[in-house]
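Per-entry structural report
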Amino acid sequence: MDISCQFATSLKSPEHIALAEALGYRRAWLFDTPAQSPDVWAMLALAVQETGRIGLGPGVLVPSLRHPMVNASGAAMLAALAPGRVAVAFGTGFNGARALGARPASWAYLSRYVQAFRGLLRGETVEWDGSPLRMLHPDGYAPPRPVDIPVLISALGPKGLAVASELADGLLTVNNETEHSHEFSWAALGVHGTVLADEEPLDSPRVRAAAGAGHALAYHVTHEFGGDVTQLPGGDQWLKVITAEPERERHLAVHDQHLIGLNEADEAAWAAGGWRAVPSTTVTGSPSQIAEQLARYAEQGVTEIIYQPAGPDIAGELERFYAVAQRGS
């Protein structure tokens, strides 16, 4: 099982990716979240200058954010700067879309988008919005077509899985969703969490900083997909904070600090005892517990684990997780 990493894209992402490469991580993915992050293509291009081996890619691109030519041109640029190191992942859009108050793309739209994206990179003339498109980049402006870049699709339900099977080179999932991993030769799983020190309590400030944002994802996802947040530990307090906001602005409160830190509602849930669920909402535990969990993922068909470090000590989180992951992979 490959050990990769992912980051909430920041101005320090190139530095963090260089650290990951030095430790031995296979690939680094950057989130495409324009409401809270710098441009993903710019940060990936800067990361090329700091690295020489590690795989690079945006994960995930959201079709509604950019014209397919923009992403095809960005992907071709990155492939020219880092030959053989680039992969791209697509999804319908969670934080990347919902933080803007937008709905996720439909699977039909994503399917058309990925087909257009891949066709452009092959050098084909494709149709988009009723107009024919082709990459017109001459020599020196992009690599010659075809540009071969692997594509993953983030999918959970049957429609998404069908699109991934038809159009992608592999599957990307999160939140322990491994049921269909064995159906794909490349099955990547995104995880969050932290390696606990001996007898370190789950409610310690360090665990809160390192695993709290990943834990808060459970509240964000449950709320945004129409679930009952009050069934989660501290969910009543979380929902109270969110519903105190004007309805038309609640998406701003939900997605504030998404996978970076804890927002006001996340803080309220944590203080109410939500931290007790961290071992089930994230990959958090002792070194042996995490190694065992990663071994289970491998048995379930996961071929690439993608770890997101968080908190003030990114280097330490990357180092500790990689050391443990080598035992569990």
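Here's what I pulled together on the structure shown here.

Digging into the overall build of the chain
Each helix and strand in the chain was counted, giving 13 helices and 10 strands. Here the chain has a C-alpha radius of gyration of 19 Å; the compact-globule value for 329 residues is 20 Å, and the two agree. Principal-axis analysis of the C-alpha atoms places the extent of the chain at approximately 60 × 45 × 35 Å. Across the 329 residues in the chain, those meeting the buried criterion constitute 54%. The long-range fraction of contacts in the chain, counting pairs at least 24 apart against all pairs at least 6 apart in sequence, stands at 69%. With an accessible surface of roughly 14200 Å², the chain has 51% of that area assigned to carbon and sulfur atoms.

Observations regarding the pairing of strand S10 (residues 304–308)
Within S10, five of the five residues are buried, leaving the element largely enclosed by the surrounding structure. Along S10, one buried face is formed by Glu304, Ile306 and Gln308 and the opposite face, lined by Ile305 and Tyr307, is buried too. Pairing of strand S1 (residues 2–7) with S10, which is carried by four bridges, proceeds in the parallel orientation. For Ile3, the partnering residue across the bridge sits in S10 and is Ile305.

A few points about the pairing of strand S8 (residues 170–174)
Within S8, four of the five residues are buried, leaving the element largely enclosed by the surrounding structure. In terms of strand pairing, strand S7 (residues 151–154) meets S8 through three bridges, oriented parallel. Bridging across to S8, Ser154 finds its partner in Leu172. With respect to chirality, the unit in which S7 leads through helix H6 (residues 158–167) into the neighbouring parallel S8 is right-handed. Pairing of S8 with strand S9 (residues 187–192) involves four bridges; the strand directions are parallel. Each bridged residue has a counterpart across the sheet, and for Thr173 the counterpart in S9 is Leu189.

Quick word on the sheet that holds S1
Strand pairs in the sheet, formed through backbone hydrogen bonds, run parallel or antiparallel to each other. Taken together, the eight strands give an open sheet; going across it, the order is S3-S2-S1-S10-S9-S8-S7-S4, and neighbouring strands pair in parallel fashion. One side of each edge strand has no neighbouring strand; the edge strands of this open sheet are strand S3 (55–58) and strand S4 (88–90). Taking each pair of neighbouring strands and ignoring which way they run, the sheet shows an average axis angle of 25 degrees. Its contacts with the sheet place helix H5 (residues 107–121) against S4 and S7, and it is angled at close to 170 degrees to S7.

Remarks on the side chain of Thr173
Relative to the helices and strands, Thr173 is located in strand S8. The exposure class assigned to Thr173 is buried, which follows from its relative accessible area of 4%. Only 2.8 Å separates the side chain of Thr173 from the backbone oxygen of Glu177, close enough to count as a polar contact. Leaving out residues up to four positions away in the same chain, Thr173 has contacts with Ala155, Leu156, Ala188, Leu189 and Gly190.

Concerning the nonpolar core
With 68 residues, the main nonpolar core has Tyr25, Leu56, Phe90, Ile153, Ile305 and Phe321 as its most contacted residues. Per element, the largest residue contribution to this core is seven residues, and it comes from H5.

Considerations on the packing of helix H1 (residues 13–23) against helix H2 (residues 40–50)
Packing of H1 against H2 brings their axes to within 8 Å, and their N-to-C directions diverge by 45 degrees. Between H1 and H2, the interaxial angle falls into the category oblique. Relative to H2, the crossing made by H1 is right-handed. The segment H1 lies against H2, with Pro14, Ile17, Ala18 and Glu21 engaging Met43, Leu46, Ala47 and Glu50.

Focus on unusual backbone geometry
Cis geometry is found at the peptide bond from Gly59 to Val60, where omega equals 10 degrees. On the secondary structure map, Val60 appears in the loop between S3 and helix H3 (68–81). Between Arg145 and Pro146 the backbone carries a cis peptide bond, its omega angle lying at 5 degrees. Topologically, Pro146 is positioned in the loop between strand S6 (131–133) and S7.

Things to note about the pattern of salt bridges
What the rule picks out here adds up to 10 salt bridges. In this structure, the salt-bridge partner of Arg118 is Asp169, at a minimum N-O distance of 2.8 Å. With a gap of 51 residues between them, Arg118 in helix H5 and Asp169 in the loop between H6 and S8 connect regions that are remote in the sequence. By relative accessible area, which is 35% here, Asp169 ends up partly exposed. Put simply, Arg320 and Glu317 hold a salt bridge, and the shortest N to O gap is 3.1 Å. Remark: Glu317 and Arg320 occur in helix H13 (residues 314–328); sequence separation between them is three residues, near one turn of the helix. Within the structure, one salt-bridge network assembled from shared partners comprises Glu200, Arg206, Asp313, Glu317 and Arg320.

Conventions and cut-offs
- Residues numbered from 1 in each chain as written.
- Predicted model: local features only at pLDDT ≥ 70, side-chain atom pairs only at ≥ 80, totals over all residues.
- Heavy atoms only, no water.
- Helix = DSSP H or I, 4+ residues; strand = E, 2+ residues; numbered from the N terminus.
- Rg over C-alpha atoms; globule rule 2.2 N^0.38 Å.
- Buried < 20%, exposed > 50% of the residue type's maximum accessible area, 1.4 Å probe, protein only.
- Contact = heavy atoms within 4.5 Å.
- Areas by Shrake-Rupley, 256 points an atom, 1.4 Å probe, with all protein chains shown as cover.
- Pairing = 2+ DSSP bridges.
- Right-handed = clockwise from strand over helix to strand, strands pointing away.
- Axes fitted to C-alpha atoms, helices over the stretch in contact; angles between N-to-C directions.
- Polar contact = N/O pair within 3.5 Å; in protein donor to acceptor, adjacent residues only side chain to side chain.
- Core = buried A, V, L, I, M, F, W, Y, C linked by side-chain atoms within 4.5 Å.
- Parallel < 35°, antiparallel > 145°, perpendicular 65-115°, else oblique.
- Left-handed = near helix turned anticlockwise from the far one by under 90°.
- Salt bridge = Lys/Arg side-chain N within 4 Å of Asp/Glu carboxyl O.

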